[in-house]
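Structure assessment
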Amino acid sequence: MLDSIKKIFSNEGDEPVNTTGKPDISREKSTELYEKSKAFFPGGVNSPVRAFKSVYGTPLFIAKGDGCHIWDADGNQFIDFCCSWGPLILGHNHPKVREKVTEVMQNGMSFGAPTALENELAELLLKNNKFIKKLRFVSSGTEAVMSAIRLARGYTKRDKILKFEGCYHGHSDSLLVKAGSGLVTFGETSSAGVPKSFADETIVVGLNDIAALDKAFEEFKDQIAAIIIEPVPANNGLLLQTKEYLQYLREICTKNGTLLIFDEVISGFRVGFEGAAGHYGIQPDIITYGKIIGGGLPVGCYGASVEIMGSISPDGPVYQAGTLSGNPVAMAAGIAQLTELLRMGFYRDLNNKTEEFTESIQRFATARNYKFKVFSIGSIFWFAYTDKETISSAEEIDPASMEKFKIMHRELLNRGIYLGPSGYEVGFISSAHTKVDLEKAKRAIFESLDLVFRK
Ligand SMILES: *Cc1c(COP(=O)(O)O)cnc(C)c1O
């Protein structure tokens with residue numbers, strides 16, 4: 001997300017010409033709201049990517065969502081492939097989630113004391129996930145990752161962490177760091193306000209680059225507390241890694257007394273109930289979750305073995321706390337959503353549906369010789385304007401291809417399809433997307449591709 005944010009801001013200004021014969025959707029009400037919000041919030045938004053800086057027009061203000069559809073303030077209806085950036089795996093306003101939240105809300109919103117609901121969500125999770133034995137709830141993915149890093153440092157009594165270019169782990173200081181020049185480097189901060197001394201504790205290497213990884217472990221022998229990776233990197237395109245590579249990370253960590261952290265804020269409960277750990281059959285030392293786990297409300301979580309979690313306060317010396325952690329209403333949404341995910345065949349159906357969708361789009365593009373590739377895993381997909389067969393590191397993405405995304409995004413909005421407003425972001429399919437919806441979306445995508453690739 002970081003690199004994309006950078007690119008978003010450099011992209012401002014040149015708008016693709018609308019030559020589609022389809023009029024642009026009305027944005028009268030959204031524009032009014034945006035004019036107001038700009039006075040309240042930096043960029044008019046409360047999270048930067050929402051500002052539509054890398055796509056055409058003012059951001060759409062969303063009025064409501066139901067199933068796979070959303071409606072904006074002007075009443076335009078869209079099939080939504082953003083799904084709140086991933087959490088809504090059951091679609092918008094799912095009756096089971098809504099009912100459970102409404103029921104729990106009758107008893108009050110927050111106590112700052114334990115409730116049975118925390119036990120219920122934890123039990124649901126631990127019973128069905130063999131990769132963690134104990135966990136702690138927090139309120140966002142950023143918080144989960146930040147806490148996991150502190151836990152790894154506290155547990156190993158080492159300071160340095162190693163991350164990969166092209167992975168996003170939220171906005172905490174240690175992780176707003178990008179690669180410098182050279183094979184193995186201390187990171188450079190990727191945001192103003194992050195002290196250089198923080199970046200000096202973060203080593204950044206390229207994804208899928210074993211030589212760089214080996215060199216980092218040579219150079220910083222016995223200093224690296226943890227490797228953190230999105231096992232399914234999905235914040236800078238979809239940079240799928242091989243199982244062998246992830247297995248190599250496991251081995252090098254074990255050999256060096258370094259902890260392996262899987263940041264599964266996106267992949268957790270998305271590529272399967274046990275996330276990427278289950279998908280690849282690899283046991284990390286710490287796993288972070290967010291997004292889907294809260295059913296659309298703010299929940300994050302980190303988990304590990306009983307021994308490692310024993311370092312967290314009040315059992316151990318690593319401090320971590322939260323006034324609204326384990327919030328009953330948020331727990332209720334998580335319980336309702338995860339219960340649905342555990343139904344027999346849930347992932348099989350969702351993944352099959354996604355595969356049919358992505359394969360048919362790929363067939364269309366290939367038949368017409370478009371430089372276009374759909375990458376996909378589980379119910380995540382990413383449109384890449386490329387002729388490469390695989391893209392497994394950030395540097396393989398051609399920034400110029402984002403111009404094509406920009407046209408695509410506008411054409412799709414005009415045809416009732418909503419994608420996240422950046423070409424570096426992936427799309428999500430929910431169980432609420434029916435075959436009929438996906439057929440409709442495919443037709444809009446075909447038409448838009450023809451316009452994007454028109455000579
Ligand atoms: C979204 C995301 C985060 C940050 O989660 P927030 O809830 O936005 O703070 C961290 N890691 C990954 C992999 C993510 O996709």
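Note that the structure is a prediction, hence the values are computed from the model and not measured.

Here's the deal with the overall build of the protein chain
- Secondary structure assignment for the protein chain yields 14 helices and 17 strands.
- At 22 Å, the protein chain has a C-alpha radius of gyration in line with the 23 Å of a compact globule built from 455 residues.
- Along the first, second and third principal axes, the C-alpha set of the protein chain runs to 65 × 55 × 45 Å.
- Here the protein chain holds 455 residues, and 59% of them are scored as buried.
- If you take every contact in the protein chain between residues at least 6 apart in sequence, the share linking residues at least 24 apart comes to 73%.
- Carbon and sulfur atoms make up 53% of the accessible area of the protein chain, which amounts to about 19100 Å² in all.
- Across the protein chain, the centroid of the 51 positively charged side chains sits 2 Å from that of the 55 negatively charged ones.

Structural notes on the domain arrangement of the protein chain
- Here the protein chain is described as being made up of domain 1 (2–80 + 345–452) and domain 2 (95–341).
- Placing the centre of domain 1 and that of domain 2 at their C-alpha centroids yields a distance of 27 Å.
- At the interface, 22 residues of domain 1 touch 27 residues of domain 2.
- A buried area of about 2200 Å², summed over both sides, lies between domain 1 and domain 2, and 59% of it is on carbon and sulfur atoms.
- In this assembly, domain 1 and domain 2 are joined by zero salt bridges.
- Summed over the shared surface of domain 1 and domain 2, the result is six residue pairs in polar contact (both at pLDDT 80 or more).
- Only helix H1 (2–10), helix H12 (346–367), strand S14 (373–377) and strand S15 (380–384) provide two or more residues apiece to the side of domain 1 that touches domain 2.

Examining the packing of aromatic side chains
- As enumerated under the stated definition, the model contains 18 aromatic pairs in all.
- Geometrically, the ring pair formed by Phe164 and Tyr245 is edge-to-face, given 6.3 Å between the ring centres and 70° between the ring planes. One end of the pair, Phe164, is in strand S5 (residues 160–165); the other, Tyr245, is in helix H8 (residues 243–256), with 81 residues separating them in the sequence.
- A residue is classified by how much of its surface remains accessible, and Phe164, at 0% relative accessible area, is buried.
- With centroids separated by 5.1 Å and ring planes inclined at 80°, the aromatic side chains of Phe269 and Phe273 adopt a geometry described as edge-to-face.
- Aromatic rings pair up to connect Phe81, Phe357, Phe364, Tyr370, Phe372, Phe381, Phe383, Tyr385, Phe446 and Phe453 into one cluster.
- Just above the ring of Tyr56 sits the side chain of Arg410; from NZ or CZ to the centre is 3.5 Å.

Digging into the state of the cysteines
- Counting across every chain of the model gives zero disulfides.
- Among the cysteines around Cys68, which has no disulfide bond, Cys83 carries the closest sulfur, lying 8.1 Å off.
- Cys253 supplies the cysteine sulfur nearest to Cys167, a cysteine that is in no disulfide, at a spacing of 14 Å.

Quick look at the sheet that holds strand S1 (residues 62–66)
- One open sheet accounts for four strands, arranged S1-S2-S3-S16; its pairing is mixed. Edge positions in the open sheet fall to S1 and strand S16 (417–418), since each of these has one partner strand only.
- Here S1 runs beside strand S2 (residues 69–72); their pairing, made up of four bridges, is antiparallel. If you follow Asp66 over to S2, its bridge partner there is His69.
- Running at roughly 100° to strand S3 (residues 77–80), helix H14 (residues 435–452) makes contact with S2, S3 and S16 of the sheet.

Each value, and the rule that gives it
Residues numbered from 1 in each chain as written. Predicted model: local features only at pLDDT ≥ 70, side-chain atom pairs only at ≥ 80, totals over all residues. Heavy atoms only, no water. Helix = DSSP H or I, 4+ residues; strand = E, 2+ residues; numbered from the N terminus. Rg over C-alpha atoms; globule rule 2.2 N^0.38 Å. Buried < 20%, exposed > 50% of the residue type's maximum accessible area, 1.4 Å probe, protein only. Contact = heavy atoms within 4.5 Å. Areas by Shrake-Rupley, 256 points an atom, 1.4 Å probe, with all protein chains shown as cover. Lys, Arg positive; Asp, Glu negative; His and termini not counted. Charge placed at Lys NZ, Arg CZ, Asp CG, Glu CD. Domains from an automatic or database assignment. Buried area = accessible area lost by both parts, 1.4 Å probe. Salt bridge = Lys/Arg side-chain N within 4 Å of Asp/Glu carboxyl O. Polar contact = N/O pair within 3.5 Å; in protein donor to acceptor, adjacent residues only side chain to side chain. Phe/Tyr/Trp six-rings, centres within 6.5 Å; stacked < 30°, edge-to-face > 60°. Lys NZ or Arg CZ within 6 Å of the ring centre and 35° of its normal. Disulfide = S-S within 2.5 Å. Pairing = 2+ DSSP bridges. Axes fitted to C-alpha atoms, helices over the stretch in contact; angles between N-to-C directions.

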